[in-house]
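# Topology and contacts: notes
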Amino acid sequence: MPIAKLRIFPILAMVLVACSADSASEEAASEENLSSVAPLGPVVLVHAFHATTSNAWSMEPVATELRKGGAHVFLASVSPYGGTPLRAAELGKEIDRILEAHCAKPPKESRTSCLAHTKVHLIGHSQGGLDARYVVGKLGYATKVASVTTLGAPHEGTPLGDAALRLLRDPRVRPETPEPDSGFAREMNAFVGSVGAGKLGALKDAFYWLSEARAKNPADHIPDLPSVHYESWAGVATSDGSLPSLAACEGRTSFPSRRAGELEGLADFVRFETVRSVFDADHTPNDGHIPVASARHPAISEARWDFRGCVPADHLDLIGRPDTQQDGNRSKTGVSWKDTFAGLGKRLRAAE
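It is worth spelling out the nonpolar core at this point. By size, the foremost hydrophobic cluster in this structure holds 50 residues, and its most contacted members are Leu91, Ile95, Leu122, Val136, Val145 and Phe207. Looking at this core, the element that brings in the most residues is helix α8 (residues 182-195), giving 6 residues. Once residues lying within four places of it in the same chain are set aside, the contact partners of Ile95 are Val120, Leu122, Val135, Tyr141, Lys144 and Val145. Counting residues in each nonpolar core, the second largest holds 21 residues, with Leu151, Trp233, Ile319 and Leu348 among its members.

Right, here's the structure in full:
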């Protein structure tokens, strides 16, 4: 749930550990970069909750990095607050608009031919990952989408969503969800006040889709289709960078300096100490907002998921936010958010 720092997309380098080992591996990683194998179809970035295409948590840094490699990149604009069914419907209209724009360039082929065979690659951060899955699995866009990549998406929900539902007295909250502590309540009430009472319904819908209550509700299952390539990334961060148990990462880890990301830069509506009060032992490790076990992939899926692994990053580090953190994380962990793109081009092209 990127409530204040959103960012990029799950193609983090499986070569990261090797990169730190020797220069030969670094050269190999460089050759895998997007610039060497640009995807054929347009790349569409889907922002998270509380984000827009232009505010401090937009995915513009990701777009800039991808464009350096020659990719045709678009920032999809969906409502910053709202449930995934609403946001996915908006995303569908954005995909139609983007395909028209992509195929309107002076062509080597006709517009009709271009539209008939071109598919987009969706990269979704946090709730944006749910939106991307929903537009494919529920709204009939599988014929227009080649791949879905998610960064820190709450496929199985996050307890932060449930805590918000409990605090807002939403009837969809699970009975066993405990009452949030005073710190969380104070920060959440301030956040809701800043958004405005007129958006309370949209906020509740958003928190429901970010919650474990939604993930456990069969009626809101998001189907995944075998014709689409799915991959996901998860971040791991702690207050001091100490490395927690990585069992939830399924053996797929990239921690060359044996350090997690640090949450001290997580300038969100809830500070880390407040967030930590909501997570229990079963929800570690996490990126400060989303448990690794949730960000990996859905527990039940009709399609194969390629979980790319865990990287030392908090929820916003995944998309290069804030700008002041972009290089600082590498100096401590040996990994930069830009390393996410190693091998991306080849995988997206293969998905087409």
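Attention now moves to the confidence of the model for the protein. Averaged over every residue, the pLDDT of the protein is 84; residues scoring 70 or more account for 83%. Note that residues 1-32 has pLDDT below 50 and, in this model, 144 contacts with residues that lie over four places away or in other chains.

As a further point, take the packing of aromatic side chains. Tallied over the full model, the rule gives 7 aromatic pairs. Here Tyr208 and Trp209 contribute two aromatic rings whose centre-to-centre distance is 6.0 Å and whose plane-to-plane angle is 85°, an arrangement assigned as edge-to-face. Overall, the relative accessible area of 5% leaves Tyr208 in the buried class. The rings of Phe49, Tyr81, Phe191 and Phe207 are connected pair by pair, giving a single aromatic cluster.

Its 14 residues place the ends of α8 20 Å apart at the C-alpha level, agreeing with the 20 Å of an ideal helix rising 1.5 Å per residue. For α8, the complete set of buried residues consists of Gly183, Phe184, Ala185, Met188, Phe191, Val192 and Val195. Of the residues that open α8, the one with a side-chain oxygen 3.2 Å from the backbone nitrogen of Gly183 is Asp181. Just downstream of α8, Gly196 is the residue with a positive phi angle, here 110°.

Moving on, we get to the side chain of Gln127. With respect to the helices and strands, Gln127 occurs in helix α6 (residues 127-137). A relative accessible area of 0% means that Gln127 is categorised as buried. Side chain to side chain, Gln127 and Thr84 meet in a polar contact 3.3 Å long.

This part takes up the packing of α8 against helix α9 (residues 200-209). Direction vectors running N to C along α8 and α9 enclose 130°, while the axes themselves pass 10 Å from each other. Classified by the angle between their axes, α8 and α9 sit oblique to one another. α9 is crossed by α8, and the crossing has right-handed handedness. Residues Met188, Phe191, Val192 and Val195 of α8 form the contact with α9, whose participating residues are Leu200, Leu203 and Phe207. Of the residues contributing to the contact of α8 with α9, the split by class is 7 nonpolar, no polar and no charged.

On to the pairing of strand β1 (residues 43-46). Alternating positions in β1 separate into two faces, Val43 and Leu45 on one and Val44 and Val46 on the other, with burial throughout. Looking at chain direction, β1 and strand β2 (residues 73-76) are connected through 4 bridges and run parallel. Its bridge partner lying in β2, Val46 is registered against Ala76. A crossover connection joins β1 to the parallel β2 through helix α3 (residues 60-68); in handedness this β-α-β unit is right-handed. Across 4 bridges, β1 lies against strand β3 (residues 120-125) in parallel orientation. Paired with Val46 across the two strands is Gly124, which belongs to β3.

Of all 11 residues that make up α6, 10 are buried, and the element is covered over most of its length. Listing the buried residues of α6 in full gives Gln127, Gly128, Gly129, Leu130, Asp131, Ala132, Arg133, Tyr134, Val135 and Val136.

This brings us to the environment of Ile319. Counting through the fold element by element, Ile319 comes out in the loop between β7 (305-312) and α13 (328-333). Residue Ile319 is classed as buried on the basis of its relative accessible area, which comes to 0%. Residues Ile319 and Met59 lie 260 residues apart in sequence; the distance between their C-alpha atoms is 6.5 Å.

Further remarks concern the state of the cysteines. Under the defined criterion, the tally for this structure stands at 2 disulfides. One disulfide in the model links Cys103 with Cys114; its S-S distance is 2.0 Å. Judged by the torsion about the S-S bond (-75°), the Cys103/Cys114 disulfide is left-handed. One end of the pair, Cys103, is in helix α4 (residues 84-103); the other, Cys114, is in helix α5 (residues 111-117), and 11 residues separate them in sequence. There is no split in this pair, since Cys103 and Cys114 are both buried. Two residues share a disulfide in this structure: Cys249 and Cys310, whose sulfurs sit 2.1 Å from each other. Across the S-S bond linking Cys249 and Cys310, the dihedral sits near -100°, which makes this disulfide left-handed. With a gap of 61 residues between them, Cys249 in the loop between β5 (229-238) and β6 (261-262) and Cys310 in strand β7 connect regions that are remote in the sequence. By the burial criterion, Cys249 is buried, and Cys310 matches it. Look at the protein and number its bonded cysteines as they come in the sequence; the links are 1-2, 3-4.

What counts as what
- Residues numbered from 1 in each chain as written.
- Predicted model: local features only at pLDDT ≥ 70, side-chain atom pairs only at ≥ 80, totals over all residues.
- Heavy atoms only, no water.
- Core = buried A, V, L, I, M, F, W, Y, C linked by side-chain atoms within 4.5 Å.
- Buried < 20%, exposed > 50% of the residue type's maximum accessible area, 1.4 Å probe, protein only.
- Helix = DSSP H or I, 4+ residues; strand = E, 2+ residues; numbered from the N terminus.
- Contact = heavy atoms within 4.5 Å.
- pLDDT = per-residue confidence, 0-100.
- Phe/Tyr/Trp six-rings, centres within 6.5 Å; stacked < 30°, edge-to-face > 60°.
- Expected span 1.5 Å × (residues − 1).
- Polar contact = N/O pair within 3.5 Å; in protein donor to acceptor, adjacent residues only side chain to side chain.
- Axes fitted to C-alpha atoms, helices over the stretch in contact; angles between N-to-C directions.
- Parallel < 35°, antiparallel > 145°, perpendicular 65-115°, else oblique.
- Left-handed = near helix turned anticlockwise from the far one by under 90°.
- Nonpolar A, V, L, I, M, F, W, Y, C, P; charged D, E, K, R; others polar.
- Pairing = 2+ DSSP bridges.
- Right-handed = clockwise from strand over helix to strand, strands pointing away.
- Disulfide = S-S within 2.5 Å.

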